[in-house]
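# An overview of the molecular structure
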Amino acid sequence: MKSYRKELWFNVPARREFINITYQVEECLRESRIKEGLALVNAMHITASVFINDDESGLHHDYDKWLEKLAPHEPISQYRHNRTGEDNGDAHLKSQVMGREVVVAITDGKLDFGTWEQIFYGEFDGRRRKRVLVKIIGE
Ligand code: ZN
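Here the residue numbers are simple positions, counted from 1 along each chain's written sequence. A pLDDT threshold of at least 70 governs which residues receive local features in this predicted model, and a stricter bar of 80 or more applies before side-chain atom pairs are shown or counted, although totals over entire chains, interfaces and linings include all residues. Excluded from the side-chain calculation are hydrogens and water; included are all heavy atoms of the structure.

Octahedral metal centres with six donors ideally show angles of 90 or 180 degrees, and tetrahedral centres with four donors ideally show 109.5 degrees. Of the protein atoms, only H81 (NE2), E86 (OE), E86 (OE), N88 (OD1) and H92 (NE2) coordinate the zinc ion, at distances of 2.0 to 2.7 Å. Coordination of the zinc ion draws on donor residues from a single chain, spaced H-x4-E-x1-N-x3-H in sequence. The partly exposed category is assigned to E86, whose relative accessible area is 35%. Metal donors were taken as nitrogen, oxygen and sulfur atoms no farther than 2.8 Å from the ion, or 3.2 Å where the ion is Na, K or Ca. Water is excluded, so coordination may look unfinished. Relative accessibility under 20% of the residue-type maximum defines a buried residue, over 50% an exposed one, and the middle range a partly exposed one, all with a 1.4 Å probe and only protein chains included.

As structure tokens, this is what we get:
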């Protein structure tokens, strides 16, 4: 069995953003030379997410509005977590809702997606360097 590991780095200038990372994961898959197996892609931070959905700007706007309704950033005093001196209590909750990781099947050297499926990095507490892990195993 072959095994491949890579870290993708991001430094999002805004507090929140969704970034399509499908192409970067496909690059990893090419580098790995794995044709049949599984790819795991996970955020290495507890204030970010990796998820699969449609690359449609209206949907991303809807996610952001929905997450802000569920866990508004302000007022920061509403989160007990922020008593630690941080201001990212909302980002931890948003990360939980959107999920830490995705697993994608690899078939014939390609990510075996359903129609419209794309992989996204969800940043909820940006403006600093953060990582995503890509781990691919197979033959
Ligand atoms: Zn925190």
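So, on to a nonpolar patch on the surface. Taken together, M1, L38, V103 and I137 make up a surface patch of nonpolar side chains, about 400 Å² in accessible area. Starting at the N terminus, helices and strands are each numbered in turn, a helix being any DSSP run of H or I of at least four residues and a strand any DSSP run of E of at least two. Structurally, I137 can be placed in strand 8 (residues 129-138). For patches, a residue must show more than 30% relative accessible area and have no salt bridge; joins then use 9 Å for like charges and 5 Å for nonpolar side chains, namely Val, Leu, Ile, Met, Phe, Trp and Tyr. Computed with a 1.4 Å probe, the accessible areas rest on the Shrake-Rupley method; for each residue, only the protein chains presented here act as cover. A carboxyl oxygen of Asp or Glu within 4 Å of a side-chain nitrogen of Lys or Arg is what we treat as a salt bridge.

For the rest of this paragraph, the subject is the pairing of strand 3 (residues 37-43). Examined bridge by bridge, strand 3 and strand 5 (residues 101-107) share 6 bridges and lie antiparallel to one another. Residue G37 lies in a different strand from strand 5, and its bridge partner there is I106. In this structure, strand 3 lies alongside strand 8, joined through 7 bridges in antiparallel fashion. Counted as the bridge partner of G37 is G138 from strand 8. Pairing between two strands requires that DSSP report at least two bridges joining them.

Turning our eyes to something else, we now look at the packing of aromatic side chains. In this description, an aromatic ring pair is defined by two values, namely the gap between the centres and the angle between the planes. Stacked, edge-to-face and tilted are the three classes for Phe, Tyr and Trp ring pairs, Trp counted by its six-membered ring, which pair at centre distances within 6.5 Å; planes under 30 degrees apart are stacked, over 60 edge-to-face, the rest tilted. In this structure the tally under the stated criterion is 6 aromatic pairs. For the ring pair F10 and Y121, a centre distance of 4.6 Å and an interplane angle of 15 degrees mean the geometry is stacked. Residue F10 is located in strand 1 (residues 2-11), and its partner Y121 is located in strand 7 (residues 118-123); the two are separated by 111 residues in the primary sequence. Neither F10 nor Y121 differs from the other in exposure class; each is buried. Grouped by ring-pair contacts, the aromatic residues F18, F51, Y63, F120 and F124 constitute a single cluster. Only when the NZ atom of a Lys or the CZ atom of an Arg is both within 6 Å of the ring centre and within 35 degrees of the ring normal do we say a charge sits over the ring. The ring of W9 carries the charged tip of R129 above its face, separated from the ring centre by 4.1 Å.

Most of strand 7 is tucked away: 5 of the 6 residues are buried. In terms of strand pairing, strand 2 (residues 17-20) meets strand 7 through 4 bridges, oriented antiparallel. The partner of E17 across the bridge, within strand 7, is E123. Bridge count between strand 4 (residues 48-53) and strand 7: 6 bridges; the pairing is antiparallel. Following the sheet pairing, V50 is matched in strand 7 by Y121.

The subject of this paragraph is the side chain of N88. Relative to the elements of secondary structure, N88 occurs in the loop between helix 2 (57-70) and helix 3 (89-98). Taking the relative accessible area as the measure of exposure, N88 reaches 3% and is therefore buried. Polar contacts, as counted here, are pairs of nitrogen or oxygen atoms within 3.5 Å of one another; within protein the pair requires one atom able to donate a hydrogen and one able to accept it, and residues that are adjacent in sequence qualify only if both atoms are side-chain atoms. Within the local environment of N88, its side chain forms a polar contact with the side chain of D125, the two groups lying 3.0 Å apart. Only heavy atoms matter for contacts: two residues are in contact if any of them lie within 4.5 Å across the pair. In contact with N88, other than residues within four places in its own chain, are T47, H81, N82, D125 and R128.

Take it as geometry only, folks, not as evidence of what the structure does.
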